[in-house]
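The primary structure of each chain is shown beneath.
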Amino acid sequence: MSSSSWLIYLALFLRAAAALSNISASRIPNYGGKSTSTELFSLPMDHVDMIGRSNDIVEKRERFLYGPSICGNVSYWPTGFLGNATTESDLAQFMVDSQYSQAAANLDEIVAGTLIAAEDIKQLSDYKILYQNQWKNSIPSGIDQGILTNYTNDLMFSMERLSVNPYSIKRLQPSIDTVPFQIEEMIAYEVANTTVQSLFELGNLFYVDYRYQSTLQRTDRYAAACDAYFYIHPTKGEFLPLAIRTNMGTDLVYTPADSVNDWLLAKMMFNLNDFWHSQWYHLSGTHNVIEIVYEAAYRTLSREHPVMALLDRLTPELFAYRQVALEVLIRSGGYIDRLFAFSGSAAAQTTSDLYNAGISSAFQANYFYENLASRGLINTTHGSRIKHFPFFEDASVIYTAIQAFMTTFIDSYYIHPSMFAQDEELQAWMLESVPADIIDFPKSADRSTLVDILTHIAFLGSAVHQTLNTNDISEASGSLPFHPFALYQPIPIAKGVKDIIPFLPNITQSIGQIGLTALFARPEYVNSNRSLTQMFNDGTMLARMNKKTAEAAWLFQAEMKNFSKLVSSRTFDGQGLCQGMPFIWKALDPERSPYYLTI
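Everything in this summary refers to the structure shown in the same document. Remember, predicted model here, so these are calculated numbers, not experimental data.

**Observations regarding the environment of G203**
Next, step 1: Tracing the backbone through its elements, the reader meets G203 in the loop between α7 (196-202) and β4 (205-209).
Next, step 2: For the pair G203 and Q102, spaced 101 residues apart in the sequence, the C-alpha separation amounts to 47 Å.
Next, step 3: What G203 contacts, discounting residues up to four positions off in sequence, is R171, L172, H382, G383 and S384.

**Topic: empty space enclosed by the protein**
Left-over empty space is what a probe sized like a water molecule reveals as it rolls over the atoms.
Next, step 1: In total, this model carries 4 cavities of 30 Å³ or more according to the counting rule given.
Next, step 2: Roughly 280 Å³ of volume is contained in the largest cavity.
Next, step 3: Lining the largest cavity are 21 residues, and of these W280, H282, L329, N469 and F520 sit closest to its centre.
Next, step 4: When residues of the lining of the largest cavity are traced back to their parent elements, those giving at least two are α8 (260-298), α10 (321-330) and α19 (507-520).
Next, step 5: Tallying contributions element by element places α8 first for the lining of the largest cavity, with 6 residues.
Next, step 6: Split by residue class, the lining of the largest cavity holds 17 nonpolar, 4 polar and no charged.
Next, step 7: Of the voids in this model, the second largest cavity is the one considered here, and its volume is about 80 Å³.
Next, step 8: Lining the second largest cavity are 13 residues, and of these Y281, G285, S360, N366 and L460 lie nearest its centre.

**Here we look at the pattern of salt bridges**
A side chain with one charge may pair with a side chain of the opposite charge, provided their charged atoms come close.
Next, step 1: Under the definition given, this model contains 23 salt bridges.
Next, step 2: Across the pair R303 and D56 runs a salt bridge whose closest N-O atoms are separated by 3.7 Å. Placement of R303 in the loop between α8 and α9 (306-314) and of D56 in helix α2 (residues 50-63) is noted, with a sequence separation of 247 residues between them.
Next, step 3: As a salt-bridge pair, E432 and R61 come within 3.1 Å of each other at their nearest N and O atoms. With E432 in helix α16 (residues 424-432) and R61 in helix α2, this pair connects stretches of sequence that are 371 residues apart.
Next, step 4: E432 sits in the buried class, given a relative accessible area of 5%.
Next, step 5: According to the relative accessible area criterion, R61 is partly exposed, its value standing at 31%.

**Describing the side chain of S462**
Next, step 1: Along the chain, the position of S462 falls in helix α17 (residues 447-468).
Next, step 2: Polar side-chain contacts of S462 include one of 2.7 Å to the backbone oxygen of A458.
Next, step 3: Discounting chain neighbours no more than four positions away, the residues touching S462 are I402, L532, M535, S593, P594 and Y595.

**Digging into the pairing of β4**
Next, step 1: Among the 5 residues that make up β4, 4 are buried, leaving the element largely enclosed by the rest of the structure.
Next, step 2: In this sheet, β4 lies alongside strand β3 (residues 170-171) in antiparallel orientation, the contact comprising 2 bridges. The residue bridging R171 from the neighbouring strand is F206, located in β4.
Next, step 3: Bridge analysis of β4 against strand β5 (residues 227-232) gives 5 bridges, and the strand direction is antiparallel.

What counts as what
Residues numbered from 1 in each chain as written. Predicted model: local features only at pLDDT ≥ 70, side-chain atom pairs only at ≥ 80, totals over all residues. Heavy atoms only, no water. Helix = DSSP H or I, 4+ residues; strand = E, 2+ residues; numbered from the N terminus. Contact = heavy atoms within 4.5 Å. 1 Å grid on protein atoms, 1.4 Å probe; cavity = no way out; pocket = protein on both sides within 12 Å on 5 of 7 lines; lining within 4 Å. Points joined across faces, edges and corners; volume = space filled by probe spheres on them. Nonpolar A, V, L, I, M, F, W, Y, C, P; charged D, E, K, R; others polar. Salt bridge = Lys/Arg side-chain N within 4 Å of Asp/Glu carboxyl O. Buried < 20%, exposed > 50% of the residue type's maximum accessible area, 1.4 Å probe, protein only. Polar contact = N/O pair within 3.5 Å; in protein donor to acceptor, adjacent residues only side chain to side chain. Pairing = 2+ DSSP bridges.

In short, geometric facts, not functional conclusions.
Spelled out as structure tokens, the structure:
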């Protein structure tokens, strides 16, 4: 971390510390915070003091308000006395909790700069020195096995679309889509043993589109605005890359039939666009969505409601992250301006565009199975089944376990279907989605609806967030040399690149990139009470829940620990593959993945 960035963190810490010292129990009325009672959580119709409970909600509504968005034009930001107190308190706690990760990344960056800054990168293999015996505190597990050795393998490039960022790719459907661009038949046959049109008609042509990035504000560095084809091979059944179009300059189309250097550079150009998209999709699709749903709940549910207690458990420090992103990443002169091809302003714009279009923010449309099915990745009625889908394989285990807990939790409190309609607080939460401007949120709640809502919130904050962010960006999706944040030479206007190195970050620039990814890592949470296995293991909360909920929490923990053993024991098979990939992806190991947003 550069000295200027460390000073920014110090300023944030001092601001947060001051806020924390100013926030006291006497300043925040009892109705405003999390419940401090020892009585069991209850639904409103079972509560002994209905008038007092209603008055508490009225007070919250008057003092926790929807304010203008920050960090882009996305969901509302809390304001009012309680809104301000909540955002300040969350930031203060975040700064305390993140001291280790900040110090570890800072120390490792200083050590790396001291030991290897004088080195020179002359060939791609030299990038290994960036990781050898480095980043011992912030990335102690190292890079995912295979990432640094197999990145020239086309299967690694294609399978990253089904693992480290599974939220961009879609299967093209002949009934509703058209072929975005053409490839010469001779080249298509050479690469895929068939034509683009044939793949399209059979439902085996997949597409990723980052053309929108051509209009984003840029820094003095370079980027393409790629779109790309992937396909299921007609005989091998493997999921492979077919072509990448740059949409810049002479609009070159690259394929595996091109020279080694041209094709590798094309994949790096695509990865640059892919990383940019995934990070602002993550911000708008996990943080911003969970924030506004929580805000609506806070204004309608009593602190004695079991659903509110569960939401509090799932969202520690919820309103810290946007503040940190604004001050450290997106502000003028921040990390984005210094390391990326696009500016901090472009980051805010991308986040806003993805959110307001509903791409990342549509609540029900982005439920786990619905999202994947809508893009033709699962349950397809046209085209071949994807043989290996690592994200789906791992995330479905986590999703199913969360859903099982939520089902038991809801059934244990709402023992009769009529109780959902009788719960005026619950129904008010649904209706609050209108003034809160929550995109695609249910307007009423029954058993299945409430299970789906809570499952989705927990899943977004854990599995989705960890896939796109946290440890995975340092261990896989943001690793070098295959995933540069920017290029340092203009996009080629002709094929025949002789040397890729001038396009890539030098030693100092690379240390800066890795240092930023290290800031997002949370190695101290591995095998801790912050891990996904512990999502519901809160003794204070469970002491006020019913017995069935406590039992369900224990069962979830046991299932996740068993799944962790499976994930952590994975190795390469006889073909040098793991889950069909030439690298071992460990992002969704429940003992390594945090159960909440964390950063």
